[in-house]
Amino acid sequence: MATPATMRITFCCSNTKPEPWLAGLQAALPQADIRLWQPGAPAADFGVVWAPPQQFFDEQTRLKGIFNIGAGVDALLTLRLPPNAVVVRLDDAGMAVQMAEYVCQAVIRHFRELDACALDMRAGQWTFRTPRQRADFPVGVMGLGVLGARVAQALSHFEFPVLGWSRTAKNHPGITCFHGPGQLTDFLRQSRVLVNLLPLTPDTVNILNRDNLSKLHSGGYVINVARGAHLVEADLLALIDSGRLSGATLDVFRTEPLPPDHPFWQHPGITLTPHTSARTLRADSIAQIAAKIMALQRGDSIAGVVDAARGY
Ligand SMILES: NC(=O)c1ccc[n+]([C@@H]2O[C@H](COP(=O)([O-])OP(=O)(O)OC[C@H]3O[C@@H](n4cnc5c(N)ncnc54)[C@H](OP(=O)(O)O)[C@@H]3O)[C@@H](O)[C@H]2O)c1
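Summary of the structure given here. (Residues numbered from 1 in each chain as written. Predicted model: local features only at pLDDT ≥ 70, side-chain atom pairs only at ≥ 80, totals over all residues. Heavy atoms only, no water.)

Within the protein chain one finds 9 helices and 12 strands. Its C-alpha radius of gyration of 22 Å places the protein chain within 12% of the 20 Å reference for a compact globule of 312 residues. Burial status across the protein chain gives 47% buried among its 312 residues. In the protein chain, the share of contacts with a sequence separation of at least 24, taken over all contacts with a separation of at least 6, comes to 59%. Working note: accessible area of the protein chain is about 15,400 Å², and carbon and sulfur atoms make up 54% of it. Computed over 28 positive and 26 negative side-chain charges, the separation of the two mean positions in the protein chain equals 2 Å. (Helix = DSSP H or I, 4+ residues; strand = E, 2+ residues; numbered from the N terminus. Rg over C-alpha atoms; globule rule 2.2 N^0.38 Å. Buried < 20%, exposed > 50% of the residue type's maximum accessible area, 1.4 Å probe, protein only. Contact = heavy atoms within 4.5 Å. Areas by Shrake-Rupley, 256 points an atom, 1.4 Å probe, with all protein chains shown as cover. Lys, Arg positive; Asp, Glu negative; His and termini not counted. Charge placed at Lys NZ, Arg CZ, Asp CG, Glu CD.)

Structure (structure tokens):
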């Protein structure tokens, strides 16, 4: 039976099997009372959430901390949250290396024309393509946060020219850094492959639109691994179909799962994956959340606290 002094943690994650999370959190925080949220449950101190219903926050008004089991908090911030709770996103927790491998494979697959090569082989044709120059494939990374900075660094190890764009000024060795709306056009004009790792906020929604995508080098290529609502899908299709852009790799979509009649499914220039570029890793995430809960209990500051006004 929980005493009033026992820390209570409530777990409310859609599309997530709760048992292993509850067992893992309990093992990491043996003194805590950790339960799956049910309507009418007693007030908890901390919530571990993914896409919870508004009812969860309407009832759990005494939460001190809300731990989102993903890096993006765009959906969470559309809800009415308890006024005194800090919102904490996953801070890498094993996602950065996944994102780096996903984006590097997409850039390399495009640069080395590996899809065309595979098609030739399937047709029984042993053909060679003229090697392309890395210097002709500058890669622009939008967002130089936890994931974007790791991706930019990984791309630079493959010796692509790498550019980055963020909200505030950055200085990453080997990366040509741009920041703010005033430097967006220069950043885009100097990029041939564009990788999106921005958070979805009022400032970044629809940022991958005709106007911006038309600033890439002719034959540019788009990799969207952030959120579907960053991309104006019809604009991308028009630019690829006109030959202005050469194609795209897309992991995220305005509607997920992608509707059965969506033109992306069959488009030969577009490679699709089902929002899988960087998955939440349960053990890493539990260790991170437990360590942060203990830090908050001690009154220490933690990384990954979301600024709701900024939107990420
Ligand atoms: N597809 C997947 O499986 C998957 C998995 C995880 C995450 N994601 C997405 O990836 C996003 C990025 O994650 P993260 O952990 O790297 O986020 P983060 O650490 O918060 O970094 C966000 C970056 O975007 C920049 N930024 C924000 N608003 C901007 C604006 N208006 N103009 C220019 N730059 C802006 C920030 O600039 P400052 O550095 O100046 O603040 C920062 O560099 C998440 O929000 C999520 O949507 C997708």
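Here we come to the environment of Ala287. With respect to the helices and strands, the residue Ala287 is situated in helix 9 (residues 282-298). For Ala287 and Met95, which are 192 residues apart along the polypeptide, the C-alpha to C-alpha distance reads 14 Å.

What follows concerns the nonpolar core. General note: in soluble globular proteins, nonpolar side chains tend to be found buried as a group. With 52 residues, the main nonpolar core has Ile9, Val48, Leu155 and Val195 as its most contacted residues. Per-element tally for this core: the top contributor is helix 3 (residues 95-111), with 10 residues. Non-local contacts of Val48, meaning those with residues more than four positions away in its chain, are made with Ile9, Thr10, Phe11, Cys12, Cys13, Leu25, Phe67, Ile69 and Ile289. By size, the runner-up hydrophobic cluster in this structure holds 26 residues, among which are Phe178, Leu231, Leu237 and Ile240. (Core = buried A, V, L, I, M, F, W, Y, C linked by side-chain atoms within 4.5 Å.)

It is worth spelling out the pattern of salt bridges at this point. It is possible for side chains bearing opposite charge to pair when their charged atoms get close. This structure, assessed with the given rule, holds 10 salt bridges. A salt bridge links Asp300 to Arg298; its shortest N-O distance comes to 3.0 Å. Accessibility expressed as a relative area gives 37% for Asp300, which makes it partly exposed. One salt-bridge network, in which partners are shared between bridges, spans Glu113, Asp120, Arg129 and Arg132. (Salt bridge = Lys/Arg side-chain N within 4 Å of Asp/Glu carboxyl O.)

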